[in-house]
Amino acid sequence: MTAPSTPAPGMDALPKVRKDFVPLFLIPAIALLALPFISPSTWLTLTFAGLAMGMILFILSSGLTLIFGLMDVLNFGHGVFISVGAFIATTIIGTAAGWSDSESLLRNLGIVLPAMLGAMALTALLGLIFERVIIRPVYGQPLKQIMITMGGMIVGQELIKVLWGPQAIPLLLPGGMRGSILLGEAAIEKYRVVAVVIGLAVFAAMMWVMTRTKLGLLIRAGVHDREMVESMGYRIRRLFIGVFVAGSALAGLGGVMWGLYQQSVVAEMGGAVNVLLFIVIIIGGLGSVGGCFLGSMLVGLVANYVGFLAPKVALFSNIGLMVIVLLWRPQGLYAVGKQ
Amino acid sequence: MISKFLLSGDTPRSKVLAALLVLIVLGLALTPFIFPGAKSLNVAAKICIFVVLVASFDLMLGYTGIFSFAHTMFFGIGAYGVAIALTHLPPKWGSVGIGVAGALAVSILLSLVVGLFSLRVKAMFFAMITLAVATAFQTLASQMSDITGGEDGLTFKVPELISPAFQLREQPFLGVTLDGRIIGFYLLLVAVVVLFLVMLRIVNSPFGRVLQAIRENAFRAEALGYRTVVYRTWTNVLSAVFATLAGCLLALWLRYNGPDTTLSFAIMMDILLMVVIGGMGTLYGSVVGATIFILAENYLQDLMKVGSTAFAKIPVLKDLVHPDRWLLWLGILFIVGIYKFPLGIVGKLRMRLKKAAA
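These figures come from a predicted structure and were not determined experimentally. (Residues numbered from 1 in each chain as written. Chains lettered and ligands numbered in written order. Predicted model: local features only at pLDDT ≥ 70, side-chain atom pairs only at ≥ 80, totals over all residues.)

1. Notes on the overall build of chain A
Step number 1: Helix and strand content of chain A: 13 helices and four strands.
Step number 2: Scaling as 2.2 N^0.38, a compact globule of 339 residues should have a C-alpha radius of gyration of about 20 Å, and chain A matches this with 21 Å.
Step number 3: In terms of its C-alpha atoms, chain A occupies a principal-axis envelope of roughly 60 × 50 × 40 Å.
Step number 4: Taking all 339 residues of chain A together, 48% fall into the buried category.
Step number 5: Across chain A, every contact between residues at least 6 apart in sequence was considered, and the portion connecting residues at least 24 apart equals 77%. (Helix = DSSP H or I, 4+ residues; strand = E, 2+ residues; numbered from the N terminus. Rg over C-alpha atoms; globule rule 2.2 N^0.38 Å. Buried ≥ 20, exposed ≤ 12 C-beta atoms within 10 Å, placed from the backbone. Contact = placed C-beta atoms within 7 Å.)

Shown next as structure tokens:
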């Protein structure tokens, strides 16, 4: 097969996809909207907290949105990977409490990084099993899928309780990540800086894979039109398994970060955060990584601002945000393909 | 005669199933006489209430093919309606009426809004939105402690006729004192039977047939001229109404309501399990499912206690059969059930009949 070195006539006439920047302005808009109600230093603290929470939400939900986009599979059991990740971290960090408690950031990383990698490896393996046992038999049957994945989550949560016990386990921040940095009058917790750095790294890596590699091209094409990719001779099933495993591993990583953020882990933590993840991926547009990122940031910011101004309606504020976004763009911020 | 007017022409269509149903109904009706004691009466009442709740869920899941996580929310609205009314107003039937009416109004409005907003799209989408709304509602109910009593819930007095202190007559009847609890139980049973028969009437009406058509093939139903979104929204509202009424009954029976009794996620799982065990898409399934599940809930934990003491020396196995882990076994049962017996017990029994006829 010879590849033509110059594009065939007419190829350059293909219309370019128009870039859609409007949703990007939502983040500064919401941040500015909150400014008049909150004192500037508190505002800075809250904004940073919101961004950090958003980064963790993005890591947790990016797999979920791709899994749905690729195969129309909505995994209600996604939360189990989050919990398992966090619990594995407690075990790994527990083996070297001295390293974790030490003030040196290098030593902290020496134990937190293995904990994260270990959690990712095990949740990836778990994802492989989960896909094979729970999800594969019910492709294309949405009602059964919802029920089966729910059942999978219940069983997973109970197994966690069997292995680690039913009570909450404390997961303290490593010594070097405790406390906060003062920026004028605003206090910014060190761990939030770490979360933002990791989140941005994951986002950058993901965007690179999605837009610069053939794998990403296939995933994006699969999200857009599964049958077309199949008819080109690619095995979408394998692609899907890969995405599912990667998504589970990311959920495991996010679980470690979420556990450190909350400083204690319980078996139900994944199920509880699942609701937020659904809101995030609906806001972003099911199947879109960029939309998922924006959605995470929006949810993180709104949750922190409203949590400060009116704590009782914090969860409703996210639903309100979702309703507003859907009224504006019924398919989410970035609509993808077939829905 | 009975089949046509009472059961709306929808007979059990299997001798075993018919016998099972008669057994369950008789067992429930005679509970105070056959199994005396407060615990068995409570179990029987819980079965009755859950029959309505599960049947109303099946109206959506089994008949129309919609999955909603908000069902416990409506159950909770009903229970809170009665609870709030009876906490603030004197314990009279009029106050109960106000509570029920208020709860129904809230439920209808909420189900209409949620339905119109999200039933136009895929089943998945509706499931996600209802999950979010239900979670938010649960949080709200436990935080607004001035109105709902927060995590502690509300304890209240019920009308005199059904309060435990009331006695119909001095002498016991067939060895049973006819106090308010017994009267309350029979009123509850009557209400449940009426509600069940009304639902049976609904699913066997032309409206119910359209719902089943939508479940089988929404696109074709739309092409035949039925506006699926309208029908789906009506089912959502109807189902919410019946769930609300079930909640009212529960609150009246328990004389208490709190977030854990009606709103918790565990109850949603229970409903799901009962629907799947009994059989989706048939209201009789809800009777069978609710009965078996609630009996198992009480019985399985006792069995596991025995197992837990027997395996007390073996580390992981001991925890696996610990009574608190009963949900694990139900979850596994649930997954296996969906794979192997998607039609549930009722479906299996009817299938045997079909095979025998063919």
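Moving on from the coordinates now.
2. Notes on the overall build of chain B
Step number 1: If you tally the helices and strands in chain B, you get 18 helices and two strands.
Step number 2: Relative to its length of 358 residues, chain B is compact, with a C-alpha radius of gyration of 21 Å against a globular reference of 21 Å.
Step number 3: Projecting the C-alpha coordinates of chain B onto the three principal axes gives extents of approximately 65 × 55 × 50 Å.
Step number 4: Evaluated residue by residue, chain B yields a buried proportion of 45% over its 358 residues.

3. Re the interface of chain B and chain A
Step number 1: The interface is formed by 29 residues belonging to chain B together with 25 residues belonging to chain A.
Step number 2: Among the elements that make up the side of chain B that touches chain A, the one with the highest residue count is helix α7 (residues 123-143) of chain B (eleven residues).
Step number 3: For the side of chain B that touches chain A, the per-class residue count stands at 21 nonpolar, five polar and three charged. (Nonpolar A, V, L, I, M, F, W, Y, C, P; charged D, E, K, R; others polar.)

4. A word on the environment of Ile147 of chain B
Step number 1: If you trace the backbone, Ile147 of chain B turns up in helix α8 (residues 145-148).
Step number 2: In this structure, the C-alpha to C-alpha distance between Ile147 of chain B and Ile84 of chain B, residues 63 residues apart in sequence, is 7.3 Å.

5. Some remarks on helix α7 (residues 190-212) of chain A
Step number 1: Counted at 1.5 Å a residue, the expected span for α7 of chain A with its 23 residues is 33 Å, and the 33 Å between its end C-alpha atoms agrees.
Step number 2: For α7 of chain A, the elements touching its buried residues are α2 (40-71), β3 (186-189), α10 (236-262) and α12 (289-309) of chain A. (Expected span 1.5 Å × (residues − 1).)

6. Concerning the packing of helix α9 (residues 180-203) of chain B against helix α12 (residues 228-254) of chain B
All names here are of chain B.
Step number 1: Where α9 contacts α12, the axes come no closer than 11 Å and their chain directions differ by 175°. Relative to α12, α9 is oriented roughly antiparallel. Contacts between α9 and α12 involve Gly184, Leu188, Ala191, Leu195, Met199 and Ile202 on the former and, on the latter, Leu238, Phe242, Leu245, Leu249 and Trp253.
Step number 2: Along the lines of polarity and charge, the residues of the contact of α9 with α12 split into ten nonpolar, one polar and no charged. (Axes fitted to C-alpha atoms, helices over the stretch in contact; angles between N-to-C directions. Parallel < 35°, antiparallel > 145°, perpendicular 65-115°, else oblique.)

7. Some thoughts on the confidence of the model for chain B
Step number 1: Of all residues in chain B, 95% attain a pLDDT of 70 or more, and the chain-wide mean is 85.
Step number 2: Predicted as a complex, the structure gets a pTM of 0.84 and an ipTM equal to 0.79. (pLDDT = per-residue confidence, 0-100.)

8. Let's talk about the pairing of β3 of chain A
Residues and elements named next belong to chain A.
Step number 1: Pairing of strand β2 (residues 180-183) with β3 involves four bridges; the strand directions are antiparallel. Following the sheet pairing, Leu182 is matched in β3 by Ala187.
Step number 2: Two successive antiparallel strands, β2 and β3, enclose a turn made up of two residues, where Gly184 displays a positive phi of approximately 65°. (Pairing = 2+ DSSP bridges.)

9. Structural notes on the nonpolar core
Step number 1: By size, the foremost hydrophobic cluster in this structure holds 213 residues, and its most contacted members are Val51, Val52 and Val82 of chain B.
Step number 2: Residue contributions to this core peak at 18 residues, all from α2 of chain A.
Step number 3: Ignoring anything within four residues of it in the chain, the contact list for Val82 of chain B reads Val96, Gly99, Val100, Ala103, Cys248, Ala251 and Leu252 of chain B. (Core = buried A, V, L, I, M, F, W, Y, C linked by C-beta atoms within 7 Å.)

10. Let's talk about α2 of chain A
All names here are of chain A.
Step number 1: The end-to-end C-alpha separation of α2 is 45 Å, in line with the 46 Å expected for 32 residues at 1.5 Å each.
Step number 2: Of all 32 residues that make up α2, 27 are buried, and the element is covered over most of its length.
Step number 3: Phi turns positive one or two residues past the end of α2, at Asp72, with a value near 60°.

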